[in-house]
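These are the residues of each chain, in order.
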Amino acid sequence: MILNKIIHRYVLKNFLKTFAITFFVSLFVLVMQFMFHYADDFIGKGAGLLPIIKLFFYSALSLVPLSLPLSILLGALMTFGNLGERLELLSMKAAGISLFRIMMPLIIFVASISIGSFFFADKVLPVAQVKMWTLVFSIREKNPELNIPEGSFYSDIDGINMYVKEKRNGYMYDVVIYDLSKGFENMGIILANKGTLEMSSDKTYLLMTLYDGESFENMTEGGDKDYSSDQDIIPYRRESFSKKEIIIDFNSNFAEINSSFLEGQYISKDTRALKHSMDSIQLRIDSAFLSNSKRQQQAYFESTTTQRIAEETSDIGEQSINRPDFYEIYSSLDSTKHLRVVEMAQARCQTIDNDVNYQKATTDWMTSERRVHGIEWHKKFTLAFACFIFLFIGAPLGAIIRKGGMGMPIVISTILFIIYYIIDNTGYKIAREGIGEVWQGMWLSPSILLPIGIFLTYLAVTDNTVLNGAFSISDVKDFFKKLKQYINPKKYVQTKHN
């Protein structure tokens, strides 16, 4: 008993050190990947240091559930690889301690991590995602830093397209400005030999001072005459100046937008709210389907072409109108009414077709929303369950290959995580595009990796190794035979006796 406690503390201590390092490294890599993905939206905006730090923090919180499975896989693989390489695992087994008993503290720890990951994804993750995406959209909407290049047009100032040939000693030379604030038809042009550009103290306006230039502006705005004809002479105004000052609205202060537009989105909801939204959307889909069916039946049976034809005839009685004979009525009409009846029938069919397409688009959108909510609901469970699965992949695999350090374990864990990512992404597309049920797509990767983890655990417990040639097809048969015996021992004993 004392020996078990000492071994448990030793294994858990080794795992915690490796897990802590791999967790922060994995989290840092995922955060940097996220930042690089949106780098084009952030570069040159001058948002300041504090919003970027907050974005790093909230993005790190949002990526915690994804980095946990990778860190558990790598930590378990390195821990048991080191134990196997130092022959410590062999010594423990020689002392009569099974692999499950050695893994017991890690099983308890990872089980608590999985439960904590679920509650983290359910309660903390929605808040972190709302904060993160609010900052992303706020930085996107911020006006860029004022950095006018040389020799190319600069269009980041609203309503202004500006060209500067050269910048020297605080001046801009050979300045060309296209003023589009009044529209393309009323565009103004300003040419200047040199000029300066300064930001106001409150960073809300630009003061542009131009020297030795000319400005051109047409006079059509607000006029009564339409100058759309090419033969008309459009009046314009030409101004020569030695100094001209222009004030331009350009708010470069960072202001975080209101996050209320994200509160109703799926990223801001916990499992209870997601389940409620899914039920509500399904109820709306069912209601829309029944309403559309009744509407189309009514449109077909109560507003048919034959009734339209009957209304066109003035000499047919009420009984014939109630039950019209299409061929008889249509043949009694003249050619003008023939054409009118056909046009009315085509218009009616087009109206019904447009209504069906509109209702179908609405139903498809609601179905897509329900799938998105379902994906988010299942993701909270699958990521937590993946932590537990990767323990039973990493630990047995480390015991089999018996290679520690940072070489082989990192290569193997990277390959396994890439495989997991590919399978998980495939399942996500299946769920999102409606190829299969949402639960089928989201649980695709766990359903594939769980048997792999069970099989690797079986190989490690029975001391089979893949790399030394001892693994064969007979091992697979023995595995399924023992699994069958475990599931139904009575039937197995009866079959063996017969």
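Note that the structure is a prediction, hence the values are computed from the model and not measured.

Colleague: What's the story with the pairing of strand 4 (residues 188–199) in this structure? I'm lost.
Modeller: For a regular strand, side-chain orientation follows a simple rule: the groups alternate between the two sheet faces. In this sheet, strand 4 lies alongside strand 3 (residues 171–179) in antiparallel orientation, the contact comprising seven bridges. Counted as the bridge partner of isoleucine 177 is isoleucine 190 from strand 4. The pairing of strand 4 with strand 5 (residues 205–218) spans ten bridges and is antiparallel. When the bridges of strand 5 are listed, isoleucine 190 appears paired with serine 215.

Colleague: Looking at this structure, I do not really get the layout of surface pockets. What am I missing?
Modeller: To find leftover empty space, a probe the size of one water molecule is rolled over the atoms. Its volume calculated, the largest pocket comes out at about 1600 Å³. What lines the largest pocket is a set of 43 residues, among which Leu30, Leu63, Leu66, Lys379 and Tyr421 lie closest to the centre. Elements with a minimum of two residues in the lining of the largest pocket: helix 1 (2–37), helix 3 (49–62), helix 4 (64–85), helix 6 (99–141), helix 11 (335–401) and helix 12 (408–432). A per-element tally of the lining of the largest pocket places helix 12 first, with ten residues. Tallied by class, residues from the lining of the largest pocket come to 28 nonpolar, eleven polar and four charged.

Colleague: Got a minute to help me understand the confidence of the model for the chain in this structure?
Modeller: One rule of thumb: low pLDDT means the predicted coordinates there are not for detailed reading. For the chain, the average pLDDT comes to 77, and 73% of its residues sit at 70 or higher. Predicted confidence in the chain is weakest over helix 9 (residues 318–322), with a mean pLDDT of 46, and strongest over helix 13 (residues 438–442), with 89. For residues 467–473, every residue scores under 50 in pLDDT, and the model assigns this stretch nine contacts once sequence neighbours within four places are set aside.

Colleague: Looking at this structure, I do not really get the pattern of salt bridges. What am I missing?
Modeller: For side chains of opposite charge, pairing can occur when their charged atoms come near one another. Scanning the model with the defined rule gives nine salt bridges in all. For lysine 243, the salt bridge is made with glutamate 245, and the minimal N-O distance between the two is 4.0 Å. Among the ionic pairs, glutamate 376 bridges to lysine 379, the shortest N-O distance being 4.0 Å. Placement of both glutamate 376 and lysine 379 in helix 11 is noted, with a separation of three residues, approximately one turn of the helix. Relative accessible area serves as the criterion here: at 6%, glutamate 376 is assigned to the buried category. Counted as one network, the salt bridges with shared partners bring together Asp122, Lys123 and Asp270.

Colleague: Where do I start with the packing of aromatic side chains in this structure?
Modeller: Tallied over the full model, the rule gives 19 aromatic pairs. Measuring from centroid to centroid gives 6.1 Å for phenylalanine 34 and tryptophan 133, while their planes differ by 80°, and the two rings are edge-to-face. A residue pair is termed long-range when its members are at least 10 positions apart, and phenylalanine 34 in helix 1 and tryptophan 133 in helix 6 qualify at 99 residues. Taking the centre distance of 4.8 Å and the plane angle of 50° together, the rings of tryptophan 377 and phenylalanine 381 count as tilted. With tryptophan 377 and phenylalanine 381 both in helix 11 and four residues apart, the pair spans about one turn of that helix. By the ring-pair criterion, three or more aromatic residues cluster together here, those being Phe15, Phe19, Phe23, Phe24 and Phe109. Across the ring face of tyrosine 173, the terminal group of arginine 168 is positioned such that the distance to the ring centre comes to 4.4 Å. Lysine 194 extends its terminal NZ or CZ atom over the ring of tyrosine 171, reaching a point 4.6 Å from the ring centre.

Colleague: It is not clear to me how the pairing of strand 2 (residues 160–168) should be interpreted in this structure. Could you clarify?
Modeller: Pairing geometry for strand 1 (residues 153–154) and strand 2, over two bridges, is antiparallel. Counted as the bridge partner of phenylalanine 153 is tyrosine 163 from strand 2. The loop that links strand 1 with its antiparallel partner strand 2 comprises five residues; one of these, glycine 159, has a positive phi angle of about 80°. Here eight bridges tie strand 2 to strand 3, and the two strands are oriented antiparallel to one another. Looking at strand 3, one finds that lysine 167 is bridged to methionine 172. What sits between strand 2 and strand 3 in their antiparallel hairpin is a turn of two residues, with asparagine 169 showing a positive phi close to 55°.

Colleague: Would you take a moment to explain helix 11 for this structure?
Modeller: Because each turn of an α-helix spans 3.6 residues, side chains separated by three or four positions end up pointing in the same direction. Helix geometry: helix 11 is bent most strongly at lysine 379, by close to 30°. At the exit of helix 11 stands arginine 402, carrying a positive phi of roughly 55°.

Colleague: Would you take a moment to explain the environment of serine 117 for this structure?
Modeller: Along the polypeptide, serine 117 turns up in helix 6. With near-sequence residues (within four places) excluded, serine 117 lies in contact with Pro65, Leu68 and Ala384.

Colleague: Sorry if this is basic, but what is going on with the nonpolar core here?
Modeller: Looking at soluble globular proteins, one finds that nonpolar side chains tend to be buried together. In terms of nonpolar packing, the biggest core is built from 62 residues, with Val11, Phe34, Leu55, Phe80, Met103 and Leu391 touching the most fellow members. For this core, the secondary-structure elements that each account for two or more residues are helix 1, helix 3, helix 4, helix 5 (88–94), helix 6, helix 11, helix 12 and helix 14 (444–461). Top element by residues in this core is helix 11. It accounts for 13 residues. Core analysis: the next-biggest nonpolar cluster, separate from the first, contains 17 residues, Ile177, Ala192, Met208 and Ile248 among them.

Conventions adopted
Residues numbered from 1 in each chain as written. Predicted model: local features only at pLDDT ≥ 70, side-chain atom pairs only at ≥ 80, totals over all residues. Heavy atoms only, no water. Pairing = 2+ DSSP bridges. Helix = DSSP H or I, 4+ residues; strand = E, 2+ residues; numbered from the N terminus. 1 Å grid on protein atoms, 1.4 Å probe; cavity = no way out; pocket = protein on both sides within 12 Å on 5 of 7 lines; lining within 4 Å. Points joined across faces, edges and corners; volume = space filled by probe spheres on them. Nonpolar A, V, L, I, M, F, W, Y, C, P; charged D, E, K, R; others polar. pLDDT = per-residue confidence, 0-100. Contact = heavy atoms within 4.5 Å. Salt bridge = Lys/Arg side-chain N within 4 Å of Asp/Glu carboxyl O. Buried < 20%, exposed > 50% of the residue type's maximum accessible area, 1.4 Å probe, protein only. Phe/Tyr/Trp six-rings, centres within 6.5 Å; stacked < 30°, edge-to-face > 60°. Lys NZ or Arg CZ within 6 Å of the ring centre and 35° of its normal. Bend = angle between axes of the 7 residues up to and from the residue. Core = buried A, V, L, I, M, F, W, Y, C linked by side-chain atoms within 4.5 Å.

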